[in-house]
Amino acid sequence: MSGTSLDGVTAAVVRFNETPAAGPAAPGAPGAPGAALEAELLAWLTRPYTAAQRDRLARALQGGSPDEYCRLNADLGEWLAAAAIAAIAEAGVARAEIAAIASHGQTVWHAPGHSTWQIGEAAVIAERTGLDVVSDFRVRDVAAGGQGAPLVPIADALLFASSGAWRALQNLGGIGNVTVVPPGGDLSGVRAFDTGPGVAVIDGVVRTLAAPLTYDDGGRLARAGRAIRPVVDRLLADPYFRAPPPKSTGRELFSAAYIERVVDLCRTESREASTEDIVATAVALTAASIADAFARFVPEPVGEVLLSGGGAKNPALFDTISAALAPRAVRRFDELYFDGEAKEAVAFALLGWLHLNGRPGNVPTATGARGPRVLGKRTPG
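J.: Which residues make up the overall build of the protein chain, and what are the values?
T.: The helix and strand inventory of the protein chain stands at 14 helices and 12 strands. At 20 Å, the protein chain has a C-alpha radius of gyration in line with the 21 Å of a compact globule built from 381 residues. Considering the protein chain as a whole, with its 381 residues, one finds that 54% of them fall into the buried category. For the protein chain, long-range pairs separated by at least 24 residues make up 71% of all intrachain contacts whose partners lie at least 6 apart in sequence. Accessible surface, the protein chain: about 15,600 Å² in total, of which carbon and sulfur atoms supply 51%.

J.: Describe the packing of helix α11 (residues 275–297) against helix α12 (residues 315–325), and please don't skip the residues or the numbers.
T.: Relative to each other, α11 and α12 sit at 30 degrees, their axes nearing to 9 Å. Relative to α12, the element α11 is oriented roughly parallel. The hand of the α11/α12 crossing is right-handed. Seen from α11, the contacting residues are V283, A284, T286, A287, I290, A291 and F294; seen from α12, they are A316, L317, T320, I321, A324 and L325.

J.: Describe the nonpolar core, with residues and values.
T.: Core analysis: the largest hydrophobic core is formed by 53 residues, its most contacted members being V201, V205, F294, V305, L307, I321 and L325. Sorting elements by how many residues they give to this core places α11 first, with 13 residues. Among residues more than four places away in sequence, those in contact with L325 are I290, A291, F294, V305 and V330.

J.: Just give me the short version of the layout of surface pockets, but keep the residues and values in it.
T.: Over the atoms, a rolled probe matching the size of one water molecule traces out where space is still vacant. The calculated volume of the second largest pocket comes to roughly 620 Å³. Lining the second largest pocket are 32 residues, with A12, V14, I98, A100 and A349 sitting closest to its centre. Put simply, the parts of the chain that give the lining of the second largest pocket at least two residues each are β1 (8–19), α2 (66–91), β3 (101–103) and α13 (343–356). It is β1 that contributes the most residues to the lining of the second largest pocket, eight residues altogether. For the lining of the second largest pocket, the residue count by class is 24 nonpolar, six polar and two charged.

J.: Can you break down the environment of T195 residue by residue, with the values?
T.: Checked against the element boundaries, T195 lands in strand β9 (residues 191–197). Sequence separation of T195 and T46 is 149 residues, and the distance between their C-alpha atoms is 25 Å. Ignoring any residue separated from it by four or fewer positions in sequence, one finds T195 in contact with Q170, G176, N177, V178, Y240, F241, S289, I290 and A293.

J.: With reference to specific residues and values, describe the side chain of D132.
T.: With respect to the helices and strands, the residue D132 is situated in the loop between α3 (122–129) and β6 (133–135). Apart from the residues within four sequence positions on either side, D132 is in contact with A99, A100, I101, R378, T379, P380 and G381.

J.: Now, about the sheet that holds strand β7 (residues 167–172): what can you tell me, with residues and values included?
T.: In space, the five strands of this open sheet follow the order β9-β8-β7-β10-β11, with mixed pairing throughout. Taken across any chain shown, the strands that pair with only one partner, and hence form the sheet edges, are β9 and β11 (329–332). Each neighbouring strand pair of the sheet contributes to a mean axis angle of 20 degrees, computed without reference to strand direction. Here strand β8 (residues 175–181) pairs with β9 via six bridges, running antiparallel. If you follow V180 over to β9, its bridge partner there is R191. Where α11 meets the sheet, it contacts β7, β8, β9 and β10 (304–308), and its direction lies at approximately 150 degrees from that of β9.

J.: Just give me the short version of the sheet that holds β6, but keep the residues and values in it.
T.: The mixed open sheet is built from three strands, whose spatial order is β3-β6-β12. Every other strand in the sheet has two partners, leaving β3 and β12 (377–379) as the edge strands with one partner each. Taking each pair of neighbouring strands and ignoring which way they run, the sheet shows an average axis angle of 25 degrees. Relative to β6, β3 runs parallel, the two sharing three bridges. Paired with I101 across the bridge in β6 is V133. Contacts from α3 reach β3, β6 and β12, with the element oriented near 160 degrees to β6.

J.: Can you break down the pattern of salt bridges residue by residue, with the values?
T.: Counting across every chain of the model gives 20 salt bridges. As a salt-bridge pair, E335 and R331 come within 3.3 Å of each other at their nearest N and O atoms. Take R331: its relative accessible area is 26%, and that puts it in the partly exposed class. Taken together, the shared-partner salt bridges connect R167, E304, R331 and E335 into one network.

J.: Help me get a handle on helix α1 (residues 51–60), residues and values and all.
T.: An α-helix turns once every 3.6 residues. As a result, residues three or four positions apart point the same way. Along α1, the positions that sit buried rather than exposed are Q53, R54, L57, A58 and A60. Looking straight down α1, one finds its buried side chains confined to an arc of 160 degrees; they lie on one side. Among the exposed residues of α1, those pointing more than 90 degrees away from its buried face are A51 and A52. Turning to α1, the residues buried within the fold contact β2 (36–48), α2, β4 (106–111) and α6 (200–209).

J.: Tell me about the side chain of T281, residues and numbers included.
T.: Of note, T281 is situated in helix α11. Note on T281: relative accessible area 0%, which makes it buried. Polar side-chain contacts of T281 include one of 2.9 Å to the backbone nitrogen of I228. With residues near it in sequence (within four places) discarded, T281 still touches R226, A227, I228, V231, V232 and C266.

Conventions we followed
Positions within a chain are numbered from 1, following the residues in the order the chain's sequence is written. Local features in this predicted model are restricted to residues whose pLDDT is 70 or higher, and side-chain atom pairs enter the listing and the counts only when it is 80 or higher, whereas totals over whole chains, interfaces and linings include all residues. Here the side-chain values reflect all heavy atoms present in the structure, with hydrogen atoms and water set aside. By the criteria applied, helices consist of DSSP H or I runs no shorter than four residues and strands consist of E runs no shorter than two, each listed in order from the N terminus. This radius of gyration counts C-alpha atoms alone. The globule rule is 2.2 Å times how many residues there are, raised to the power 0.38. Each residue's exposure class comes from its accessible area (1.4 Å probe, protein chains only) as a fraction of the maximum for that residue type: buried when under 20%, exposed when over 50%, partly exposed otherwise. In what follows, a contact means two residues having at least one pair of non-hydrogen atoms within 4.5 Å. Each accessible area is a Shrake-Rupley estimate made with a 1.4 Å probe; only the visible protein chains count as cover when residues are assessed. To define axes, lines are fitted to C-alpha atoms, for helices over the stretch in contact only, and angles between the resulting N-to-C directions are given on a 0 to 180 degree scale. Each angle gets one of four labels, with under 35 degrees taken as roughly parallel, over 145 as roughly antiparallel, 65 to 115 as roughly perpendicular, and the rest as oblique. A crossing counts as left-handed when the near helix is turned anticlockwise from the far one by less than a right angle, and as right-handed when that turn is clockwise. In these notes, a set of buried Ala, Val, Leu, Ile, Met, Phe, Trp, Tyr and Cys residues joined through side-chain atoms within 4.5 Å is what counts as a nonpolar core. Lining residues are those with an atom within 4 Å of a point, where the points come from a 1 Å grid over the protein atoms alone and group into cavities, where a 1.4 Å probe fits but cannot get out, or pockets, open sets with protein on both sides within 12 Å along at least five of seven lines. Grid points are joined across faces, edges and corners, and a volume is the space filled by probe spheres set on the points. Three categories are distinguished: nonpolar for Ala, Val, Leu, Ile, Met, Phe, Trp, Tyr, Cys and Pro, charged for Asp, Glu, Lys and Arg, and polar for the others, with Gly belonging to the last. Strands were regarded as paired on the criterion that DSSP finds at least two bridges between them. Each salt bridge in this description consists of a side-chain nitrogen of Lys or Arg and a carboxyl oxygen of Asp or Glu lying within 4 Å of one another. The directions from the helix axis to the C-beta atoms are what the arc is built from. Here a polar contact is recorded for every N or O atom pair within 3.5 Å, except that within protein the pair must consist of a potential hydrogen donor and a potential acceptor, and residues adjacent in sequence are included only if both atoms are side-chain atoms.

What follows is the structure, given as structure tokens:
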């Protein structure tokens, strides 16, 4: 998994165990009614991008030549393959035991309702590892009229549902997305959508104003500043936040130009705005956008919200979200399961497993697709 935060490649080795249930599977369902699916996380790791690698990816999101995209697609395939090989070694699992590598790649452009583009050449991964590769997961959902995102809800429902209560799982990668899961993970009641920025704007402000820092380590900058609330309110007026689900977004909206606008608005509103104040404003924007999304689009009786992704490690962001979502209980995903930074990689491993078993990987109530679809394309090893 390489996400919108552009911090590195996260790879996970996962063993899936399904306990069969009596009766045939319902059409389009992941398994027979009552079947239990468990994910055993054997190992995971993150290989951070070098400054040069991250710069190449960041430039690609803003434009590039055919030569640059061609080379980056192949080179990213090498980086993804190296991460997979390292994770397999970390798990101590023989390659012969690996059914396939599921690779999300890196989103370069996302045009919801029309198309989506992820790079990271699957043929390179297959060649370097000798393993089958399932990749390009989003395009089938888009072809079926869906947003192509979010795709994590299938894992949220099958692996991380509460047995007796409604639960929301809020991811805080570069972009924030939430999955609302009914008791027991009944797919017919699952809804999900992108709430807006996760850490993309926060990290962008830090890189712009506090280089060589690349993120707000420990939330120290945000905690030393005061959010400029009129700026947050003005940013929340963006039509994306008011648009009803299904919906998805990315760095096409929360881009370098957007981050520059945040900085300019802060300095216009308050000439004495410090770097810490502007970082605190970016934190407040993420928290307020999530709270606004819950108020507008989550009528279900959600009593518990689990935060995952890199942003959940930021104490300032965690506390601000907790206050914004009160009286709901806000907890870190890690408290109930494994390290939340591995969660998306585990989710795409599940999508690969579903593909190998001929089962749908999308949740139409989340993406808006015309129906369940098997996601991904398989490249033989």
